[in-house]
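# Examination of the molecular architecture
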Amino acid sequence: MQTGKLKRSLNLWQIVLLGVGYMTPMVVFDTFGIVSEKTGGHVPTAYVIALLAMLFTAASYGKMVKIYPQAGSSYTYTQKTINPHIGFLVGWSSLLDYLFLPMVNGILTKIYLSALFPQVNPWIWVLAFVLLMTIINLFNVNFAANFNSFLVFFQMLVIVIFVALVVKGVMGGEGTGEVFSVLPFISPHTEVSTLIAGATILCFSFLGFDAVTTLSEETPNPSKTVPRAIFLTALIGGVLFVTASFFTQLFFPDVSRFSDTEAASPEIALFVGGKLFQAFFLAGTLCGTLASGLASHASVSRLLYVMGRDQMIPKKLFGFIHPKYSTPFFNVIFVGIISLVALFLDLVTATSLINFGALIAFTFVNICVIVHAVRNKTFRTIKGFLSTILSPVLGAASVFILWLNLEMSSLLLGITWAVIGIGYLLYRTKWFTESPPLFHFEEAQ
């Protein structure tokens, strides 16, 4: 079967917007009620802490993609830096994050549209969502990136209009009653422990900045472009989260107006802009699930491609690139079929599976930076030590805090998935008597 190559056609901002779309800017409103209650009305400060913590791990991804400008992300970095067996298990665990996010977005789409159109059978929304994501990703990565950019810009437009309505309301006496206020960030009763607890929840909003590394083989000069894209994705996402949460906190200094803090998003839109804006706001939320679904579908297709190219999973299926469209054609279809599990899965289970895979990837990328620095003795200068030892240690420490706060269901389901991966690896390497096959990327250029 004739196979093609991934086409280097994506520019910096297409990659950044794919990463921002993966992170879903509108998610800030979904978690606002919970985190506002936990932090005593200081959500923006919790976002600042979460952003600073995640930037250390983002820096680690940036360093590793300069060394290995390939599409495999944490799978490739661990495989080449630490050990091929461990690399496979990291990639296997990362599949939880990448594979289940399209399902989560399918479930969210079903929830949103079923609320709007209760007379329509819910399975229709899931099927339509999966078909749309699959078709867009099949034919051209640039079209997928451009469509994603439209979805992200629409979310930004919703946030801009939201901010304008909040300013109008606050100046009219709502909330704090003043636009220029430090109360959303700090107050006399602020407790550091509650801010850290809130930041721990919000760190999961940043899952996705790492996904841009899976596009490394589809951009010119990836060792320069992708590290910048990683940093910009995390930073832009963080600025959007902090800004939106600041103005939301101005309007809602506490959670007393919400009937359900865990589902405050519709009430936020209603109180700020009325029924008409609430409908517009819901359209933005739907665009968020579409953008995240599109970007995650593209990312997991590339990760599967690299694992297939390495012959760790069947190469004929997963290592195939369409000669005309330059996309991992069969992988896109495979992910679409797997995403249909959203018809039967509940939101809590699907979300719990994502967190385990992401934390495994984050942990090992930070470790990879340290191992590479020690092996190549690049830590002996002050700058080298700060960049290649201290920074990833702080990144790993931040991720460790997330591990401590991971739900038990996430941990158990993740361990079960990892055990299945170990079983497959034992079979594939004949009980570790053989090394996993490796694709020599440099030789293929």
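Residues numbered from 1 in each chain as written. Predicted model: local features only at pLDDT ≥ 70, side-chain atom pairs only at ≥ 80, totals over all residues. Heavy atoms only, no water.

### Quick notes on the overall build of the chain
Here is the rule we go by: Segments assigned H or I by DSSP are reported as helices when at least four residues long, segments assigned E as strands when at least two residues long, and all are numbered from the N terminus. Both definitions apply: the radius of gyration is a C-alpha atom measure, and the globule rule equals 2.2 Å times residues to the power 0.38. Type-normalised accessible area, obtained with a 1.4 Å probe on protein chains alone, sets the label of each residue: buried when under 20%, exposed when over 50%, and partly exposed for intermediate values. In this analysis, two residues are considered to be in contact whenever any of their non-hydrogen atoms come within 4.5 Å of each other. Method for areas: the Shrake-Rupley scheme with a 1.4 Å probe, in which residue coverage is limited to the protein chains shown. Only four residue types enter the charge count, namely Lys and Arg as positive and Asp and Glu as negative; His and the chain termini do not. Every charge is mapped to an atom, namely NZ of Lys, CZ of Arg, CG of Asp or CD of Glu.
Each helix and strand counted, the chain has 16 helices and zero strands in total. Relative to the 2.2 N^0.38 estimate, which gives 22 Å for 445 residues, the radius of gyration of the chain is 22 Å and therefore close to what a compact globule would have. Viewed in the frame of its principal axes, the chain has a C-alpha envelope of about 70 × 55 × 40 Å. When each of the 445 residues of the chain is scored for burial, the buried share is 57%. Looking at the chain alone, contacts between residues at least 24 apart form 82% of all its contacts between residues at least 6 apart. Roughly 18400 Å² of accessible area belongs to the chain as shown, and the carbon and sulfur atoms make up 70% of that amount. Within the chain, one finds 24 positive and 19 negative side-chain charges whose respective centroids are separated by 17 Å.

### Examining the packing of helix α6 (residues 122-139) against helix α10 (residues 265-309)
The following threshold applies: To obtain an axis, a line is fitted to C-alpha atoms, over the contacting stretch when the element is a helix, and the angle between two such axes runs from 0 to 180 degrees between their N-to-C directions. For classification, angles of less than 35 degrees are called roughly parallel, those exceeding 145 degrees roughly antiparallel, those between 65 and 115 degrees roughly perpendicular, and all remaining angles oblique. Note: crossing handedness is left-handed where the near helix turns anticlockwise from the far helix by less than a right angle, and right-handed where it turns clockwise. Residue type decides the class: Asp, Glu, Lys and Arg count as charged, Ala, Val, Leu, Ile, Met, Phe, Trp, Tyr, Cys and Pro as nonpolar, and the leftover types, Gly among them, as polar.
With their axes 10 Å apart at the nearest point, α6 and α10 run at an angle of 50° to one another. Taken together, the axes of α6 and α10 lie oblique to each other. Here α6 and α10 pass one another in a crossing that is right-handed. Residues Phe129, Leu132, Met133, Thr134, Ile136 and Asn137 of α6 touch α10, and the partners they reach there are Thr289, Leu290, Gly293, Leu294, His297 and Ala298. Split by residue class, the contact of α6 with α10 holds seven nonpolar, five polar and no charged.

### Re the environment of Val300
Of note, Val300 is situated in helix α10. Along the backbone, Val300 and Leu99 are 201 residues apart, and their C-alpha atoms lie at a distance of 6.2 Å. With residues up to four places along the chain from it excluded, the contact list for Val300 reads Leu95, Tyr98, Leu99 and Val335.

### With respect to the side chain of Thr225
Just so we agree on the cut-off: Definition of a polar contact: a pair of N or O atoms within 3.5 Å, with one able to donate and the other able to accept a hydrogen when the atoms are protein atoms, and with sequence-neighbouring residues admitted only if both atoms are side-chain atoms.
By secondary structure assignment, the location of Thr225 is in helix α9 (residues 222-251). Take Thr225: its relative accessible area is 13%, and that puts it in the buried class. A polar side-chain atom of Thr225 sits 3.3 Å from the main-chain carbonyl oxygen of Pro220.

### Some words on the pattern of salt bridges
Going by this rule: Whenever Lys or Arg places a side-chain nitrogen within 4 Å of a carboxyl oxygen from Asp or Glu, that contact is recorded as a salt bridge.
Inspection of every chain in the model, using the stated rule, returns three salt bridges. Glu217 is the salt-bridge partner of Arg309, the closest N and O atoms lying 2.9 Å from each other. Separated by 92 residues along the polypeptide, Arg309 in helix α10 and Glu217 in the loop between α8 (192-202) and α9 bring together distant segments of the chain. Of the residues examined, Arg309 reaches a relative accessible area of 6% and is grouped as buried.

### Describing the confidence of the model for the chain
In plain terms, the rule: Predictor confidence is given residue by residue as pLDDT, running from a minimum of 0 to a maximum of 100.
When pLDDT is averaged across the chain, the result is 89; 97% of the residues are at 70 or more. Across the chain, helix α7 (residues 141-171) holds the top mean pLDDT of 95, while helix α16 (residues 441-444) sits lowest at 41.

### What to know about a nonpolar patch on the surface
Which entries qualify depends on this criterion: A patch consists of residues exposed above 30% relative accessible area that lack any salt bridge, with like charges linked at up to 9 Å and nonpolar side chains (Val, Leu, Ile, Met, Phe, Trp, Tyr) linked at up to 5 Å.
A cluster of nonpolar residues, Trp123, Ile124, Leu127, Leu131, Ile135, Phe139, Leu343 and Phe344, forms a patch on the protein surface that exposes about 770 Å² of accessible area. Examined against the element boundaries, Leu127 turns out to sit in helix α6.

### Some remarks on the packing of helix α1 (residues 12-23) against α9
Packing of α1 against α9 brings their axes to within 8 Å, and their N-to-C directions diverge by 45°. Taken as axis vectors, α1 and α9 run oblique relative to one another. Taken as a pair, α1 and α9 cross one another with a handedness that is right-handed. Seen from α1, the contacting residues are Leu12, Trp13, Ile15, Val16, Gly19, Val20 and Met23; seen from α9, they are Thr225, Arg228, Ala229, Leu232, Thr233, Ile236, Gly237, Leu240 and Phe241.

### Section: the packing of aromatic side chains
Under the convention used in this document: Ring pairs shown here join Phe, Tyr and Trp side chains whose ring centres sit within 6.5 Å, with only the six-membered ring taken for Trp; geometry is labelled stacked below 30 degrees between planes, edge-to-face above 60, and tilted in between.
Evaluation of the coordinates by the stated rule reveals 34 aromatic pairs. Centre to centre, the rings of Trp92 and Trp417 are 4.6 Å apart; their planes meet at 15°, and the pair counts as stacked. Placement of the pair is Trp92 in helix α5 (residues 84-116) and Trp417 in helix α15 (residues 408-428), with a sequence separation of 325 residues. Residue classification places Trp92 among the buried residues on the basis of a relative accessible area of 12%. Ring centres of Phe251 and Phe252 lie 4.9 Å apart, and the angle between their planes is 55°; on these two criteria the pair is classed as tilted. Of the residues examined, Phe251 reaches a relative accessible area of 2% and is grouped as buried.

### Quick look at the side chain of Thr289
Along the chain, Thr289 falls in helix α10. On the accessibility criterion, Thr289 (2% relative accessible area) is buried. In this structure the side chain of Thr289 is engaged in a polar contact, spanning 3.2 Å, whose partner is the side chain of Thr109. Setting aside anything within four residues of it in sequence, one finds Thr289 in contact with Asn105, Leu108, Thr109, Tyr112 and Phe129.

### A look at unusual backbone geometry
Phi at Asn221 is positive, roughly 50°, even though this residue is not glycine. With respect to the helices and strands, Asn221 occurs in the loop between α8 and α9. Positive phi values are uncommon outside glycine, yet Lys377 reaches one of about 55°. Following the sequence through the fold, Lys377 ends up in the loop between α13 (347-376) and α14 (382-404). For Lys377, a relative accessible area of 47% corresponds to the partly exposed category.

### Focus on the environment of Phe364
One can find Phe364 in helix α13. Distance in space between the C-alpha atoms of Phe364 and Thr78 is 6.7 Å, their sequence separation being 286 residues. Those residues in contact with Phe364 that sit more than four places away from it in its chain are Thr78, Ile82, Ile86 and Val90.

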